[in-house]
Amino acid sequence: MAELVGAFAASHGPLMARNWEGVGPQRLASVTRTFGELGRRFAECRPDVLIVVSPDHWVNFFIDNLPSVCIGVGEAHEGSPEPWLKVPFDNAIAGHPAFALHLAESALQRDFEPSLSHHLKLDHGFLIPLWKMGVAKLPPIVPIIVNIIEPPLPSFKRCYAWGQLIRQAIESYPENLRVAILATGGLSHSIGEPDMGRLDEEYDQQCFEQFKSGDIPALMSFLERRTEAAGNGAAEVRNWVVAHGTAHAHGFELLGYHPYQEWYIGCGFASWNLRA
Amino acid sequence: MRDYWLSKLFFDMQTPANAAEYAADRETVLRRYPIKPEVLKSLQEDDVAALAPKVNPYLLRFYFFATGKSEAWFLEHIRALAGNKESANG
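What comes next concerns the included structure.

Criteria and thresholds
- Residues numbered from 1 in each chain as written.
- Chains lettered and ligands numbered in written order.
- Predicted model: local features only at pLDDT ≥ 70, side-chain atom pairs only at ≥ 80, totals over all residues.
- Helix = DSSP H or I, 4+ residues; strand = E, 2+ residues; numbered from the N terminus.
- Rg over C-alpha atoms; globule rule 2.2 N^0.38 Å.
- Buried ≥ 20, exposed ≤ 12 C-beta atoms within 10 Å, placed from the backbone.
- Contact = placed C-beta atoms within 7 Å.
- Pairing = 2+ DSSP bridges.
- Axes fitted to C-alpha atoms, helices over the stretch in contact; angles between N-to-C directions.
- Parallel < 35°, antiparallel > 145°, perpendicular 65-115°, else oblique.
- Left-handed = near helix turned anticlockwise from the far one by under 90°.
- Nonpolar A, V, L, I, M, F, W, Y, C, P; charged D, E, K, R; others polar.
- Core = buried A, V, L, I, M, F, W, Y, C linked by C-beta atoms within 7 Å.

**Regarding the overall build of chain A**
Next, step 1: Secondary structure summary: chain A contains 8 helices and 10 strands in total.
Next, step 2: Over its C-alpha trace chain A gives a radius of gyration of 17 Å, about what one expects of a compact globule, namely 19 Å for 276 residues.
Next, step 3: The C-alpha extent of chain A, read off along each of the three principal axes, is 45 × 40 × 40 Å.
Next, step 4: Taking all 276 residues of chain A together, 53% fall into the buried category.
Next, step 5: Contacts spanning at least 24 positions in sequence make up 83% of the contacts within chain A whose residues lie at least 6 apart.

Here it is as structure tokens:
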């Protein structure tokens, strides 16, 4: 039987690749330490399969066909087509079709209707955190794309339910498999909008407190009330909510918070202590 | 409300070959997209205020990046819309 062995969250952003050193040596050292700790914990949990929940930044989908949730069920995924992103991973990234299809079937049995893709491209949202965490060899990846880019977006409540569903799917998978989940994106930031570059540190800090509390109604209420005003990129906190649901809302631990305006992002990094 | 063909143009610009062709011969590329005349005018004038409500903000930013506008130029123009955020969100 499969088991959940790790749950993590990390921000991403193109400027982490294009302007990595632009935050200055001290702050760069600080965020590097945080990525290192995340990478250490990730390595420690030794996953056989990694579920990565991330947005699609107009790489796979367009407004002619825009799924709310898409599971990558292919044998392999393609590395980022973004020409500015050079990551130390092969361009063909292994998937885990057996587990991915089990997840899809589990979803359909419980009245969720995800879109499926047998060939996804994994953009910077998927790959920058894994690169910066120092993951030398990627485990097979099951990507889950949540639409956080073009409204209407899935509700926070639904994202939490997706997380719970993922946990059920892991625990009902018949083979021994160590499964981890990584949510990427968030927290406050604004891209291509009049407040581009603005961070909302108060929102970010309150988010962390809400995740720590384990109080789901309070978290949902806070996110519904405050997220839109924290910038369009803050919508990516939905991915954290998925991971929170997978972790049964227990054991959230903030590993680092780096509100770096040079990267336009209130960067947050977390892991869930699954034994809590 | 999104403008489909304007959005499609911006989306297609993510392919470097398309962006290069657009840079070399904008008129020829634009003839492939049935973009409304008033939208075309906004495009030709790099009118961020007029274009913003019609496309996704990520694509908007990308288009100006791909057409060689500096980040400072884009920030200046998009931030000028502050106070009118609803229009930028469509």
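**Structural notes on the sheet that holds strand β8 (residues 178-184) of chain A**
Residue and element names in this part refer to chain A.
Next, step 1: The 8 strands are arranged β6-β3-β7-β2-β8-β1-β10-β9 in an open sheet whose pairing can be described as mixed. The strands lining the two open edges of the sheet, one partner per strand, are β6 (115-117) and β9 (252-260). Adjacent strand axes in the sheet meet at a mean angle of 20 degrees when their direction is disregarded.
Next, step 2: Note that strand β3 (residues 69-72) and strand β7 (residues 141-146) share 3 bridges and pair antiparallel. Paired with C70 across the bridge in β7 is I145.
Next, step 3: Each of β9 and β10 (265-272) touches helix α6 (residues 201-213); the most contacted strand, β9, lies at about 175 degrees to it.
Next, step 4: Relative to the sheet, helix α8 (residues 237-246) contacts β1 (3-10), β2 (49-54), β7, β8, β9 and β10, its axis offset from that of β8 by approximately 155 degrees.

**Topic: the packing of α6(A) against helix α7 (residues 216-226) of chain A**
Residues and elements named next belong to chain A.
Next, step 1: Interhelical geometry of α6 versus α7 gives an angle of 160 degrees and a closest axis separation of 9 Å. Classified by the angle between their axes, α6 and α7 sit roughly antiparallel to one another. The element α6 and its partner α7 pack so that their crossing is left-handed. For the pair α6 and α7, contact is made by Y203, Q206, Q210, F211 and S213 and by A218, L219, F222 and R226, respectively.
Next, step 2: Of the residues contributing to the contact of α6 with α7, the split by class is 5 nonpolar, 3 polar and 1 charged.

**A few points about the interface of chain B and chain A**
Next, step 1: On the chain A side, the residues contacting the 19 residues of chain B number 15 residues.
Next, step 2: Counting residues per element, the ones that place at least two in the side of chain B that touches chain A are α1 (4-12), α6 (57-66), α7 (71-79) and α8 (85-89) of chain B.
Next, step 3: With 5 residues, α6(B) is the largest single contributor of residues to the side of chain B that touches chain A.
Next, step 4: Along the lines of polarity and charge, the residues of the side of chain B that touches chain A split into 12 nonpolar, 3 polar and 4 charged.

**Observations concerning the nonpolar core**
Next, step 1: The biggest cluster of nonpolar side chains holds 102 residues, and the ones touching the most others in it are A:I51, A:V53, A:L103, A:V142, A:I181, A:A243 and B:F10.
Next, step 2: Counting residues per element, this core draws most heavily on helix α5 (residues 156-172) of chain A, which supplies 8 residues.
Next, step 3: Among all residues touching A:I51, those that are not within four sequence positions of it are A:V142, A:I144, A:I166, A:V179 and A:I181.

**Description of the pairing of β8(A)**
Residue and element names in this part refer to chain A.
Next, step 1: Most of β8 sits out of view: 6 of its 7 residues are buried.
Next, step 2: Bridge count between β1 and β8: 7 bridges; the pairing is parallel. Residue pairing in the sheet places F8 in a bridge with L182 of β8.
Next, step 3: As judged from the 5 bridges shared by β2 and β8, these two strands associate in the parallel manner. Counted as the bridge partner of I51 is I181 from β8.

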